[in-house]
Amino acid sequence: MEFIMGTVIGIDLGTTNSCVAVIEGDTPTVITNKEGYRTTPSVVAFTKSKERIVGDAAKRQAAVNSDRTIFSIKRHMGTDYRRKIDGKYYTPQEISAFILMKLKEDAEDFLGQPVTDAVVTVPAYFTDAQRQATKDAGKIAGLNILRIINEPTSAALAYGLDNGMAQKVLVYDLGGGTFDVSVIDIGDNVIEVLATSGDNHLGGDDFDERIVNYLVEQFKISDGINLSKDVSAMRLREEAEKAKKELSSSLTTNINLPFIAMSKDGPHHIDITLSRQTFDELTADLVDRTITPVENALHDAGLSKTDINMVLLVGGSTRIPAIADKVRQLMGKEPSRNLNPDECVALGVAVQGGKLGNQLQAGSAASEIILMDVTPMSLSIETMGGIASRLIERNTTIPTRHSQIFTTAGNFQTSVDIKVFQGERKFTRDNKLLGNFRLNGIKRAMAGVPQIEVTFDIDVNGIVNVSAKDLGTGREQSITITSSSNMTEEEIAKARWEAEVYSKQDEAYQSFIDIREDAVRTLNEANNALAANKKVWDKDKKKNVKAQIGHLGKLISKAPIDKLNEEKAASMHEATEAVKEALR
């Protein structure tokens, strides 16, 4: 049994935003970050001076530093994707680790103590490679990932705390980059996942992209300029996300981007009104892509839509009105908005963290709840003819273990190659190869005589272990499945060392950002005070305040976030204090 020291935090590591929570007096509480927000953008940037910034500050400077800013890295987890910056290739695990480090630091500031243990959520439809990559990211960030939990299950856990009556809930989770649907049975302090389905490449980012494409198309028609490969693409993306959010509460929104392009005729601007109706038409097929996973999950759970008592909307993208309309049409009932869709996953995973860390009072509602999750996809090995012979069916409750006897296909065969696949297709060529290994030393015999026992073992994190044993000789071989795209232990150790080495440097740069933000805040307050006291202050005071404001404004304009250094920060701090003094 693992010995846990200190508080265990719960982390929702999202595609567009992440959230961290902790148990306080048996109640899950969202931790506010250093910037004062309850969620942190999952954005990492590297300035031209090679400093690393994460979260809100990274997102704000993206428009002027787009080629060195990384968004939506979660979509690349478990792949061989690499991002080259300053001659170094960064893996998705490393980029995710920088986000986790930021969340860890915010939690440590909130708790006033070091944090080493965490429970992290992943989309229910994440593959084994993606789950492994998430654990690797935790290691690099200096976190011991005690458990990985599926996001819809975590949301259901948060919901079940205050709604403990027996019921069947469908969790519809549309986040920034992934879509999950889970059918969950809540009752008698047990939260049991009956079935899950989803789409790992469907989320709010795709809705943003449709608006970007629309703007590019309209601008090409009106101005004859193609913005699709222009450096202005990041500005388009920012405005697209903003427009999407505004259309959740308004029927129209204005998209205004001055000086978006230059030509021999001079500057060009975008000024377009986008209606909710047009947005719905642009994204109708994306909304419809959620239908099949919902139907699959209900089918696998052996239920009809009339058996579902509650539909729970999770993920910021469920705020899109067309999504709620589709769910209403699909399920024949009003979806629940009892929980904040941006925070409920983090709240649920904090409860599981509290359970693992023994932070819950015995007898409390949270301490009594038991989670029973499932594996999202079937697991098989390749047999003769490229057939995928299943050992574990999708939606099997985990942890689970299953064994099956196989034999040799050729005479006097002394070894067998075990190839492990994940997926639902009949032939292995259509499924995802998770890994392979060889069992040697099989006793020579005619084909069909040797007995080889293959065992699949899936732990509570959904991570797969496979073993093969020759019952004739007792020889055994086993592996924990790791994708070729995942990092080796040596690579993880090196990445963790680099992260620790640069963390002090990153903290210093964060202090420069804090000084700049204080300067901007003070400048705005001073301008407002000057306008409000125009007829109250004497001539000398007004002159002094104007001079100090002008000086501070110039320093801020010469120090964008991606070009800060100690000298510029010190000058801004001095000028900020001078403005504050002039206002007294």
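This text gives an overview of the structure that appears in the document. Remember, predicted model here, so these are calculated numbers, not experimental data.

What counts and how
Residues numbered from 1 in each chain as written. Predicted model: local features only at pLDDT ≥ 70, side-chain atom pairs only at ≥ 80, totals over all residues. Heavy atoms only, no water. Helix = DSSP H or I, 4+ residues; strand = E, 2+ residues; numbered from the N terminus. Expected span 1.5 Å × (residues − 1). Buried < 20%, exposed > 50% of the residue type's maximum accessible area, 1.4 Å probe, protein only. Pairing = 2+ DSSP bridges. Core = buried A, V, L, I, M, F, W, Y, C linked by side-chain atoms within 4.5 Å. Phe/Tyr/Trp six-rings, centres within 6.5 Å; stacked < 30°, edge-to-face > 60°. Lys NZ or Arg CZ within 6 Å of the ring centre and 35° of its normal. Contact = heavy atoms within 4.5 Å. Patch = residues over 30% accessible without salt bridge, like charges linked within 9 Å, V, L, I, M, F, W, Y side chains within 5 Å. Areas by Shrake-Rupley, 256 points an atom, 1.4 Å probe, with all protein chains shown as cover. Salt bridge = Lys/Arg side-chain N within 4 Å of Asp/Glu carboxyl O.

1. Re helix α2 (residues 92-111)
Logical step 1: With 20 residues, α2 should reach 28 Å at 1.5 Å per residue; the first-to-last C-alpha distance of 28 Å fits that figure.
Logical step 2: Of the residues trailing α2, glycine 112 is marked for its positive phi of about 70°.

2. Observations regarding the pairing of strand β17 (residues 310-314)
Logical step 1: Taking burial as the measure, the five residues of β17 include five buried ones, the bulk of the element.
Logical step 2: By the alternation rule, side chains of β17 split into Met310, Leu312 and Val314 and Val311 and Leu313, which are all buried.
Logical step 3: In this structure, strand β12 (residues 167-174) lies alongside β17, joined through five bridges in parallel fashion. Across the sheet, valine 171 pairs through a bridge with leucine 312, a residue of β17.

3. Side note on the nonpolar core
Logical step 1: The biggest cluster of nonpolar side chains holds 46 residues, and the ones touching the most others in it are Leu170, Tyr172, Leu227, Ile270, Val294 and Met331.
Logical step 2: No other element matches the seven residues that helix α5 (residues 204-223) contributes to this core.
Logical step 3: Counting 35 residues, the second largest nonpolar core, distinct from the first, contains Leu13, Val44, Leu103 and Val115.

4. Description of the packing of aromatic side chains
Given two aromatic rings, their pairing is described by the distance between the two centres and the angle made by the two planes.
Logical step 1: This structure, assessed with the given rule, holds five aromatic pairs.
Logical step 2: Note on phenylalanine 207 and phenylalanine 279: the rings are 6.3 Å apart at their centroids and 50° apart in plane angle, and the pair reads as tilted. Highlighted residues: phenylalanine 207 in helix α5 and phenylalanine 279 in helix α7 (residues 276-288), separated in sequence by 72 residues. An identical accessibility class is assigned to phenylalanine 207 and phenylalanine 279; each is buried.
Logical step 3: If you follow arginine 52 out to its NZ or CZ, it ends over the ring of phenylalanine 98, 3.8 Å from the centre.
Logical step 4: Here the guanidinium or amino end of arginine 237 rests over the ring plane of phenylalanine 71, the centre of that ring lying 4.2 Å away.

5. Looking at the sheet that holds strand β5 (residues 44-46)
Logical step 1: Spatially, β6-β5-β7 is the arrangement adopted by the three strands of the open sheet, whose pairing is antiparallel. Across the chains shown, the open sheet's two edge strands, defined by having one partner strand only, are β6 (52-54) and β7 (69-70).
Logical step 2: Here two bridges tie β5 to β7, and the two strands are oriented antiparallel to one another. The residue bridging valine 44 from the neighbouring strand is isoleucine 70, located in β7.

6. Some words on the side chain of glutamate 343
Logical step 1: Relative to the helices and strands, glutamate 343 is located in the loop between α9 (321-331) and α10 (344-356).
Logical step 2: Relative accessible area serves as the criterion here: at 10%, glutamate 343 is assigned to the buried category.

7. A closer look at the sheet that holds strand β14 (residues 190-199)
Logical step 1: Taking strand neighbours across the sheet as the criterion, the six strands line up as β17-β12-β13-β14-β18-β21 in an open arrangement whose pairing is mixed. What marks the edges here is a single partner per strand, and that holds for β17 and β21 (397-398).
Logical step 2: The sheet contact formed by strand β18 (residues 370-374) and β21 spans two bridges and is antiparallel. Counted as the bridge partner of aspartate 373 is isoleucine 398 from β21.

8. Overview of α9
Logical step 1: In terms of burial, α9 is a largely internal element, eight of the eleven residues being buried.
Logical step 2: The set of residues buried in α9 consists of Pro321, Ala322, Ile323, Ala324, Lys326, Val327, Leu330 and Met331.
Logical step 3: Residues of α9 that are buried sit in contact with β12, α5, α7, α8 (291-301) and β17.
Logical step 4: Directly beyond the C-terminal end of α9, a positive phi value near 70° is found at glycine 332.

9. What about a nonpolar patch on the surface?
Logical step 1: A cluster of nonpolar residues, Phe412, Met446 and Val449, forms a patch on the protein surface that exposes about 290 Å² of accessible area.
Logical step 2: Mapped onto the elements of the fold, methionine 446 is located in the loop between β24 (432-440) and β25 (452-458).
Logical step 3: On the accessibility criterion, methionine 446 (43% relative accessible area) is partly exposed.

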